[in-house]
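The primary structure of each chain is shown beneath.
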Amino acid sequence: MSLLVWSALFSSILLCFSDIVSGTTTNSVNLSDQFETQTYIIRVQNNLKPSVFSDVEHWYSSTLKSLTSDQLKLDHEKTQNKNSKNDFLHVYKTVFHGFSTKLNQQQAEEIKNRPGVLGVYVDRVRKIHTTRSPHFLGLTGPSAHSANGLLKGSDYGSNVVIGILDTGIWPERRSFHDRGLGPIPSHWKGECMEGKEFSKTLCNRKLVGARYFPNGYTATAGVINETTEFRSPRDSDGHGTHTASTAAGRHRHHASLLGLASGVAAGIAPKARIAAYKICWERGCFDSDILAAIDKAVEDGVDIISLSVGSGAVPYYQDPIAMGSFGAMEKGVFVSASAGNEGPGIMTVANIAPWITTVGAGTIDRKFPADLILEDGRVIKGASLYSGPPLPENTFFPLVYAGNLSANVHNGTNTSSRSSGFTSAICMPNSLEQELVRGKIVLCDRGGVPRVSKGVVVKDAGGAGMILANVSPEGLGLVADAHVLPGLAVTETDGYTVHGYIATSKNPRAKFVFHGTQLGTKPAPVVAGFSSRGPNLESIYIIKPDIIAPGVDILAAWPGNVSPTGLSSDLRRTEFNIQSGTSMSCPHVTGLGALLKGAHPDWSPARIRSSLMTTAYIHDSTGRVLLDEVNYNTSKAWDMGSGHVNPEKALDPGLVYDLTVDDYLDFLCASNYTARNIRSIARRPVDCTKKGLQPWDLNYPSISVVVDQSKPSKIEIEVRRTLTHVNDGASSYTVKIENPLGVIVMVDPPKLEFTHREEKKSFVVKIVTEKVAMTPGNTRSEFGRLTWSDGEHMVSMPIAVTWQESY
C-alpha cells in the first residue's frame with residue numbers, strides 16, 4: 001500500500017479521535033456525552049507511520065492540527081483543549097504501539113471498526129498485591145560471596161538496572177545510597193523527573209532514574225489529592241519503597257521495625273541500580289499508566305521489570321500488562337510479577353502470560369509469636385508486630401465478642417440487629433458501643449476493612465486490646481501486623497475456640513504475652529494462605545504461579561511520612577517496616593533475576609525463568625513436601641508452581657528450557673487465538689497454518705495436560721520439550737519420573753548426551769492414563785515430577801494431569 005494511502009487511512013482514524021475529544025463525531029455525539037466518557041487504550045499497527053514524521057507523537061499531533069473545520073475549533077474551545085497533544089493521555093511507541101484517550105462507549109465501538117486499529121481496551125484499575133529473607137535464601141553465607149557464588153559472580157547485580165513499577169520511592173532512605181558504587185551502566189538512557197518534593201539531585205548512582213505517570217489516573221479517578229500524596233516519583237504509600245529495597249536495597253545495619261526483626265537489612269541484589277516508575281496512586285493503578293511505564297522503562301534501558309500489581313485474569317490480548325510485557329520480553333527484559341493475594345481460592349492467580357515470571361508467596365523461618373492466655377489456663381498461639389506498652393503482666397481483662405457490641409443496636413437506631421451485628425463483628429468504623437468496649441479485650445472477625453483499621457476502631461471505643469480471628473477461607477495462615485494497641489491474630493480454628501469460651505463462660509477474661517522475634521521456626525517455607533492459586537484461568541497448559549519466594553513478614557525500607565500501618569491516625573514513624581503479600585515475594589525474584597542477568601548477561605528472560613524454576617525445591621526444613629498454610633496439608637503445583645526459589649542452584653542450572661518470540665507465537669496459534677488477537681499482542685502479522693501445533697508443547701519448564709474424556713478408555717498424550725546445555729564440556733543426563741496418581745509417564749530418550757555448551761537436545765514425554773468417572777462439570781488434577789540429572793545438577797519440573805467432564 002502506498003505512503004499516500006496509509007497516510008490518508010490513518011488521518012481518517014485520527015480525524016475520528018480529534019472529533020471525539022473535541023465533542024463532535026460523524027454520528028453527531030453531543031458535548032454532554034463527554035460526561036459519560038472513560039479512558040481507553042487503542043492499539044494500532046506499527047507500520048502505519050509515514051516516514052515524513054520523526055516520531056509517532058509528531059505524526060498524531062500533525063494530523064490533529066491539520067483539522068481546520070470551524071466546528072472542530074469551536075468544540076476545542078468548549079472543551080478547553082489547548083492543543084491536540086493534550087488529547088492523548090499517553091503515546092506508546094516501544095513495547096506497544098498506540099495511545100490512550102477518553103471516549104464514550106459509542107465512540108469506542110466505532111473506533112474498533114476503523115482500519116488499522118488492532119484493539120480498544122477499557123482502562124482497568126489494578127491493585128497493589130529484609131533482614132532475614134536473604135539469609136533464608138542462602139545469600140549471606142560464604143558460598144554466596146565466593147568467586148563462584150551468585151552474589152560475587154554477578155558483582156551483586158552492579159551492571160543491571162531494575163525498573164520498579166509501583167507507588168514511587170522515598171529516595172533519602174539509607175537503602176538507596178550510592179557509596180562505593182561504580183559509574184551508572186552505559187546502556188541506561190533514563191532520567192530523573194522532578195515534581196512535588198522531588199528534585200533531580202535525589203537520583204544518584206543507585207537510584208538512577210525516577211518517573212511518574214498520573215494521566216490515566218487523573219482522567220478516570222479525578223485530581224490527585226496533593227495534601228496526602230505527591231505529584232512526583234515520591235512515595236506516599238510505602239509499597240514502592242518496600243518493594244524497591246527488597247529487590248535491590250543496600251546493606252543497612254541496625255535495621256528493625258520498632259525493635260522487631262533487628263539485624264542487617266539488604267536487598268537481594270544490593271548493587272543493582274533502581275529506576276522507580278510511579279504508576280499507583282491513592283485509588284489504584286490504571287492500565288494506561290502501567291503500560292506507559294513499561295513502554296518508557298524499556299526505552300530507558302532497564303534489564304528487569306518488577307510489577308507487584310494485578311487483577312483478575314483475562315485473555316492475553318485484552319490485558320495491557322500482558323501485551324506490554326510481551327514487548328519487553330521481545331527486547332530481552334525479564335518481567336517478574338506478583339501472583340496476587342486472593343488465595344486460597346482456586347483459579348485466582350494473576351499475571352498469567354507465559355512470558356511473565358509469576359511469583360507466589362511463602363513463609364520464612366522467622367515469626368513474631370504472641371500468646372492469648374484465657375483465664376481458664378488455655379494458651380492460644382497467635383502472631384503480632386505490636387511493640388508498644390504492654391498490658392499489665394498479671395492482669396486478666398474482660399473478653400468480649402465485637403458482634404455483640406453493636407453501637408447501632410444500643411443507640412436505638414433503625415438498623416437491623418443482623419446488619420448491626422455483622423458490621424460490629426468485623427469492627428467497622430463507628431460500629432462499637434463504647435460503654436460495652438471500654439477496658440476490655442475485643443474479639444474481631446477478619447474481613448470488610450483492613451486488619452489494622454479494626455484496632456483503631458477498638459482503641460477509639462476505649463478497648464484495652466484486640467484479637468483478630470481468621471474466618472473462612474483464611475484458615476490457619478497468620479499475618480502479623482503492627483497494631484496501634486495490644487493486639488494479635490489467631491487462626492480460624494483458634495477463633496472458634498475463643499468464640500466458644502466467650503459464649504460459655506460467665507465471666508470470660510484473657511491477657512496477652514508478646515514474644516518479639518523468633519528465628520529458626522519450622523517448618524519453613526510454607527505456602528502462604530493468601531497466595532493466589534492456579535490453575536491458570538486463561539490456559540491450563542501453563543502452570544501458574546511459576547514459583548514461590550519469601551512473601552510473609554518481610555522487613556524492608558519505608559517512607560519517612562507514612563506510619564507502619566499506613567493509617568493517618570497512627571503517628572509512629574519507622575525507617576523499616578514489615579509487610580506480607582505476593583507484592584513482597586515478587587521483588588525477591590526480581591532481585592534474583594538481576595543477579596542472574598549480571599552473572600549471565602547473554603541469557604534470555606526465558607533462560608532466567610527456567611533456571612529459577614528447574615532448580616526450585618519442594619521440600620521444607622523438616623524434609624516434607626511443602627505444606628499449605630491454610631490447612632497444613634501438602635501443597636500442589638497449583639499452589640507453589642515449580643517450588644521455592646533456590647538462588648545458588650539457579651546460578652548453575654546445567655540445562656535450560658529456552659524460548660524465542662516465535663515459540664510464543666506458535667503457542668498462541670495453538671491456543672486458537674485469531675490472527676487479529678495475536679497481532680494485538682505481538683505487533684506483527686502471524687502465520688498460524690503450521691500443522692501439529694499443540695499448546696502444551698510450548699518449551700516451558702513445566703508440563704500441564706488435559707485428558708479428553710470423550711476418547712477411548714486408554715488415553716495417550718505426547719508432549720515435546722527441548723533442553724539447552726549451558727555448561728562447558730560434556731555431560732550425560734538421565735531422567736527420573738515421579739508419576740501422578742493413575743498416570744504412567746515415559747520419556748524418549750531416557751538419556752541425553754551433551755558434548756558442548758549451547759547444544760540442544762529434544763525429548764518426548766508420553767503421558768498414558770485411563771478415563772476417570774466423574775459427574776458432569778467436575779475436574780480432577782494429579783501431579784508428578786520429571787527430573788534430569790547428571791549427578792551434579794538436578795533439572796526438575798512439575799507435571800499436572802487434569803481430567804474434566806463436560807456437561
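The preceding data block contains the structure.
The shown structure was predicted, so the numbers you read here are calculated from the model rather than taken from an experiment.

Asker: Teacher, can you tell me more about helix α15 (residues 451–460) here?
Answerer: Since the α-helix packs 3.6 residues into each turn, any two residues three or four apart lie on the same face. Buried residues dominate α15, accounting for 7 of its 10 residues. All buried positions along α15 are accounted for by V452, S453, K454, G455, V456, V457 and V458. The secondary structure elements touched by the buried residues of α15 are α14 (434–437), β21 (441–445) and β22 (465–469).

Asker: Just to check I follow, could you spell out the packing of helix α9 (residues 239–248) against helix α17 (residues 582–599) for this structure?
Answerer: Helix packing for two helices is described by the angle between their axes and how far apart those axes are. Two elements in contact, α9 and α17, have axes whose closest approach is 7 Å; the angle formed by their N-to-C orientations is 35 degrees. The crossing of α9 and α17 is right-handed. From α9, H239, H242, T243, T246 and A247 reach across to α17, where they touch S583, M584, P587, H588, T590 and G591. In terms of residue class, the contact of α9 with α17 is made up of 3 nonpolar, 8 polar and no charged.

Asker: Teacher, can you tell me more about the packing of aromatic side chains here?
Answerer: Aromatic ring pairs are reported here in terms of the distance separating the ring centres and the angle at which the planes meet. Counting across every chain of the model gives 18 aromatic pairs. Consider the rings of F88 and F99, whose centres lie 4.6 Å apart with planes at 85 degrees: the pair is edge-to-face. Placement of the pair is F88 in the loop between α3 (70–78) and β2 (90–92) and F99 in strand β3 (residues 98–103), with a sequence separation of 11 residues. Of the residues examined, F88 reaches a relative accessible area of 10% and is grouped as buried. Its relative accessible area of 0% is what places F99 among the buried residues. Between the aromatic rings of F326 and Y664, the centroid separation amounts to 6.5 Å while the plane-to-plane angle is 70 degrees, which identifies the pairing as edge-to-face. One end of the pair, F326, is in helix α11 (residues 320–330); the other, Y664, is in helix α21 (residues 661–670), and 338 residues separate them in sequence. The exposure classification of F326 matches that of Y664, with both residues buried. Among the aromatic residues, ring-to-ring pairing joins Y316, Y317, F326, W355, Y664 and Y673 into one connected group. The positively charged end of R234 is found above the aromatic ring belonging to W170, 4.5 Å away from the centroid.

Asker: What is the right way to look at the state of the cysteines in this model?
Answerer: Cysteine pairs can be covalently joined through their sulfur atoms, and such a bond is termed a disulfide. One pass over the structure, following the stated rule, counts 4 disulfides. The partner cysteine of C427 in its disulfide is C444, sulfur to sulfur 2.0 Å. Between C427 and C444, the S-S torsion sits near -80 degrees, and that sign places the bridge as left-handed. Separated by 17 residues along the polypeptide, C427 in the loop between α13 (417–425) and α14 and C444 in strand β21 bring together distant segments of the chain. You can call C427 buried: its relative accessible area is 0%. Its relative accessible area of 0% is what places C444 among the buried residues. The disulfide partner of C669 is C688, and the S-S distance across this bridge is 1.9 Å. Here the disulfide of C669 and C688 is left-handed, its torsion about the S-S bond being about -70 degrees. With a gap of 19 residues between them, C669 in helix α21 and C688 in the loop between α22 (675–682) and β30 (703–708) connect regions that are remote in the sequence. With a relative accessible area of 33%, C688 lands in the partly exposed category. Among the cysteines of the protein chain that take part in disulfides, numbered as they appear in the sequence, the pairing is 1-2, 3-4, 5-6, 7-8.

Asker: Is there a simple way to think about the pattern of salt bridges in this case?
Answerer: Pairing of side chains with opposite charge becomes possible as their charged atoms draw close. Going through the model one piece at a time under the given rule, you end up with 34 salt bridges. As a salt-bridge pair, R446 and E474 come within 4.0 Å of each other at their nearest N and O atoms. Separated by 28 residues along the polypeptide, R446 in the loop between β21 and α15 and E474 in the loop between β22 and β23 (487–490) bring together distant segments of the chain. Here R720 ties to E718 by a salt bridge, and the two come within 3.2 Å at their closest N and O atoms. Here the residues in one salt-bridge network are R124, R126, D287 and D319, joined through shared partners.

Reading the values: rules and limits
- Residues numbered from 1 in each chain as written.
- Predicted model: local features only at pLDDT ≥ 70, side-chain atom pairs only at ≥ 80, totals over all residues.
- Heavy atoms only, no water.
- Buried < 20%, exposed > 50% of the residue type's maximum accessible area, 1.4 Å probe, protein only.
- Helix = DSSP H or I, 4+ residues; strand = E, 2+ residues; numbered from the N terminus.
- Contact = heavy atoms within 4.5 Å.
- Axes fitted to C-alpha atoms, helices over the stretch in contact; angles between N-to-C directions.
- Left-handed = near helix turned anticlockwise from the far one by under 90°.
- Nonpolar A, V, L, I, M, F, W, Y, C, P; charged D, E, K, R; others polar.
- Phe/Tyr/Trp six-rings, centres within 6.5 Å; stacked < 30°, edge-to-face > 60°.
- Lys NZ or Arg CZ within 6 Å of the ring centre and 35° of its normal.
- Disulfide = S-S within 2.5 Å.
- Salt bridge = Lys/Arg side-chain N within 4 Å of Asp/Glu carboxyl O.

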